[in-house]
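Read off the chains here:
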Amino acid sequence: MTLMPSFRLHRSASVADALAALAAAPGGRPLGGGTDLLPNLRRGMGEPPALVDLTAVAGLDQMEVGTDGLRLGATVSLARIAEDPRVQDGWPALAQAAASVAGPTHRVAATLAGNLCQETRCVYLNQSDWWRAANGYCLKLKGEVCHAVKKSERCYAVYAGDVAPALMVLGAEVEVQGDGGVRLLPLADVYHEEGRTHLTLRPGEIVTAIHVPPPAGFVAGYAKVRIRDSVDFPLAGVAVALRREGGRLAGLRAALTGVASAPVLVPGLDGLEGQPWSESAATILAEAVRTACKAVRTTLVAPKYRRRVAAASAVRLAGALWDSGDSLTANASI
């Protein structure tokens, strides 16, 4: 039986206090709702010397809506995001994605920053310690071989957060604080396509807020493919944002989760601007999504299926957004 490792718990009252606590304990981890971190520690996936609880930090649980968009503090719960009428009305794709995470009790505890910064996952990793030991461990933790891609020198564990792709197509930026001060960067820049080092945050940095701009004519939605219709992580998740001007596309963005070691903003869609949504446009979108998918055997479901269903979900969701012009009625969740 694997026991929870010993660690010091520091409950911070301010961002400065949290940063000082992390600096005093190299290798320490920030803690939000703990729905991802604590089960992983219980399975022997890490031994941080300290956990720094951010849930009592003043201001990190604030939600603000203004002319410049939506500002979400790092410890705002996913349940609040999913249920807030202002988010449902102005950024429904974000509400859809938050509502699709795990189950209701998880969403009450889980925080926005914790969901964005969750660990990558793999069928060879998210097991008990005795199971991993019997398999010789793996490249991400204690081992020397990636069991998903045997000859690889990198880890292919996948990022499986639902909220990140929705925020990416909405043009969100992340506020990060550390010893060097405050940084504001596009959400996509927080991630790196490597299962062991998928976050680009500097040691001791924490996410303090997310800024989401006004929709600017875009409608958006999120589609999630999973085995069960609750609790499960996505086999593939797709967010699409679309702006229509008359009979032509004025903008199209797509982002993926569950198919690579980082959430992926799909490239190659700019050429569709000025064109109508058509079978040809759908083919281009589907091919771009399939190309962007980096799925390998990290789940019990075949990579080919995950690539195909991601492409089909993107096309279905884009078509619904085009037809309705209203992301509230274009939720193509599967």
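Residues numbered from 1 in each chain as written. Predicted model: local features only at pLDDT ≥ 70, side-chain atom pairs only at ≥ 80, totals over all residues. Heavy atoms only, no water.

Engineer: I'd like a rundown of the overall build of the protein chain, residues and numbers included.
Structural biologist: A tally of helices and strands in the protein chain yields 11 helices and 12 strands. Taking 20 Å as the expected radius of gyration for a compact globule of 334 residues, we find that the protein chain reaches 20 Å, a close match to that expectation. Dimensions of the protein chain, computed from C-alpha atoms along their principal axes, come out at roughly 60 × 45 × 35 Å. The buried share of the protein chain, taken over its 334 residues, is 54%. Taking all contacts inside the protein chain whose residues are at least 6 apart in sequence as the whole, residues at least 24 apart take part in 63%. (Helix = DSSP H or I, 4+ residues; strand = E, 2+ residues; numbered from the N terminus. Rg over C-alpha atoms; globule rule 2.2 N^0.38 Å. Buried < 20%, exposed > 50% of the residue type's maximum accessible area, 1.4 Å probe, protein only. Contact = heavy atoms within 4.5 Å.)

Engineer: Break down unusual backbone geometry for me, citing the residues and quoting the values.
Structural biologist: Trans peptide bonds make up the majority, and among non-glycine residues the majority have a negative phi. Phi is positive for Lys-142, which is not a glycine, with a value near 75°. Locating Lys-142 in the fold gives a position in the loop between α8 (129-134) and α9 (163-169). Positive phi, normally seen in glycine, also occurs at Ala-216, with a value near 55°. With respect to the helices, strands and loops of the structure, Ala-216 is situated in the loop between β8 (206-212) and β9 (219-225).

Engineer: Tell me what's going on with the confidence of the model for the protein chain, and back it up with residues and numbers.
Structural biologist: Low-pLDDT portions of the prediction should not be read for the details of their coordinates. The predicted model of the protein chain averages 95 in pLDDT, with 97% of residues at 70 or higher. Contacts of residues 326-334 to residues separated by more than four positions or lying in other chains number 31 contacts, the stretch itself having pLDDT below 50. (pLDDT = per-residue confidence, 0-100.)

Engineer: Describe the sheet that holds β8, with residues and values.
Structural biologist: Strand order in this open sheet of five strands is β4-β5-β8-β6-β7, and the pairing throughout is antiparallel. In the strand order of this sheet, the two ends are held by β4 (63-66) and β7 (181-186), each with one partner. The mean inter-strand angle of the sheet, taken between neighbouring strand axes irrespective of direction, is 20°. By the bridge criterion, six bridges tie strand β6 (residues 173-178) to β7 in an arrangement that is antiparallel. Within the sheet, the bridge partner assigned to Glu-173 lies in β7 and is Pro-186. Sheet strands touched by helix α1 (residues 15-24): β6 and β8. Its angle to β8, the strand with the most contacts, is close to 135°. (Pairing = 2+ DSSP bridges. Axes fitted to C-alpha atoms, helices over the stretch in contact; angles between N-to-C directions.)

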